[in-house]
Amino acid sequence: MTVTQPKGFRASGVAAGLKPSGLTDVALVVNDGPDFTAAGVFTGNRVKAAPVLWSQQVLKGGIVRAVVLNSGGANACTGTQGFRDTHATAEHTAAVLRGGPRPQMIGAGDVAVCSTGLIGELLPMDKLLPGVAAAAKELSADGGPRAAEAIMTTDTVAKNAVLQKEGWSVGGIAKGAGMLAPALATMLVVITTDASADNEVLDAALREATRLTFDRIDADGCMSTNDTVLLLASGASDVQPTPAELTAAVTEVCHNLAQQLIADAEGATKHVAIEVKGAASEADAVEVGRTVARNNLVKTALFGNDPNWGRILAAVGTTAARFEPDRVDVAINDIWICKGGAAAEDRSKVDLSGRDVKITVNLREGEMEATIWTTDLSHAYVHENSAYSS
């Protein structure tokens, strides 16, 4: 149930000493082919970490034979030395794979690099590079779970997913527990498939999947510097699905991983789906959903088990979406406590004692809809993000 489920992929995760905890912190995912096509989507933050800038260049070549990932340090805002270190990491990864027991025709330009952790500090290369060599020795077809564990930071559980189709499959690993916001989250994701597909098809499939999944989770409205989602295709199944079939499969795996991310969001006690219906456009629906998801008054009310629909309606009112205030309906867990912009059913009927919460907003302006997933704002979130330094 992981990134090595599709044929043609090996992975590993080892402890290189980057984390003070001593837990695993370097992962490697290798595509053994015969195809090496790939696509990537990266953070929308203008402040981009060195590994993001490097991997964006790699993707321009259309071939990715390996991905090296580390936790324990973001290598973001580290200047020219940070970029040199990323380049050196790719060079070293290529060198150890060329000289390993299964030698590969691979150069630094075929290696994507991903990092996650504290911003503003250089990586300890004297630990990272030996860790890469150790990860290369541990590569195996069942190494996906160890790779997923090695990229964890504040995550409490590793994230894996797989979808088996007829004769081909899609798998993935992800990390992320905070700064989950549109234009990606503070996350690293590697998705693999043994289907055969060219770069253009992969790129279209990944962008559509990301738009409907990772771009619609929003824990705290914050955007990271290192967000990376990669899709690698080995072609080892010798099956070429239609673009629509591939997009649907990749979207399903991305949705699975996205829901695992939001479920593990830092300090969360609620898993909240905000369904916006009756919008004049999809953009309006997304804007309203995101605005409600980011509203601290709404989020703290949910933490306190308070079905405060007034806060939700007030949040909707800050958007540029088309609606009339006296026509909007709001439900929490299917209890319509606001109808036509005013009180409706008794709010005491809403049971917020469980973890899963559904907020429905009907703008009554059209037929478009969208769902944004978020969390509440808890004491634990404040504590974790005030104490986090590694």
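Structure: see above.
Parameters at a glance
- Residues numbered from 1 in each chain as written.
- Predicted model: local features only at pLDDT ≥ 70, side-chain atom pairs only at ≥ 80, totals over all residues.
- Heavy atoms only, no water.
- Pairing = 2+ DSSP bridges.
- Helix = DSSP H or I, 4+ residues; strand = E, 2+ residues; numbered from the N terminus.
- Axes fitted to C-alpha atoms, helices over the stretch in contact; angles between N-to-C directions.
- Contact = heavy atoms within 4.5 Å.
- Buried < 20%, exposed > 50% of the residue type's maximum accessible area, 1.4 Å probe, protein only.
- Arc of directions from axis to C-beta.
- Polar contact = N/O pair within 3.5 Å; in protein donor to acceptor, adjacent residues only side chain to side chain.

Caption draft 1: The arrangement of the sheet that holds strand β7 (residues 169-175) in detail. As summarised here, the arrangement of the 5 strands in space is β3-β9-β8-β7-β6, forming an open sheet in which the pairing is mixed. On the outer flanks of this sheet lie β3 (37-42) and β6 (159-164), each paired with one strand and no other. The mean angle between the axes of side-by-side strands here comes to 10°, regardless of whether they run parallel or antiparallel. By the bridge criterion, 6 bridges tie β7 to strand β8 (residues 188-193) in an arrangement that is antiparallel. Counterpart to Ala 174 in the pairing with β8 is Val 189. Contacting β3 and β9 (228-233), helix α1 (residues 50-60) runs over the sheet at an angle of about 145° to β3. Most of the contacts of helix α5 (residues 199-212) go to β3, to which it runs at about 30°, and overall it touches β3, β8 and β9.

Caption draft 2: Here's a closer look at helix α8 (residues 296-303). Along α8, the residues classified as buried are Val 298, Lys 299, Ala 301 and Leu 302. Within α8, the buried residues cover an arc of 160° as seen down the axis, which keeps them to one side. Of the surrounding elements, those touching the buried residues of α8 are β10 (271-279), α7 (282-294), α9 (309-316), β14 (356-362) and β15 (368-375). For α8, the N-terminal capping position is held by Asn 295, with its side-chain oxygen 3.0 Å away from the main-chain nitrogen of Leu 297. A positive backbone phi angle near 60° is found at Asn 305, which sits one or two residues after α8.

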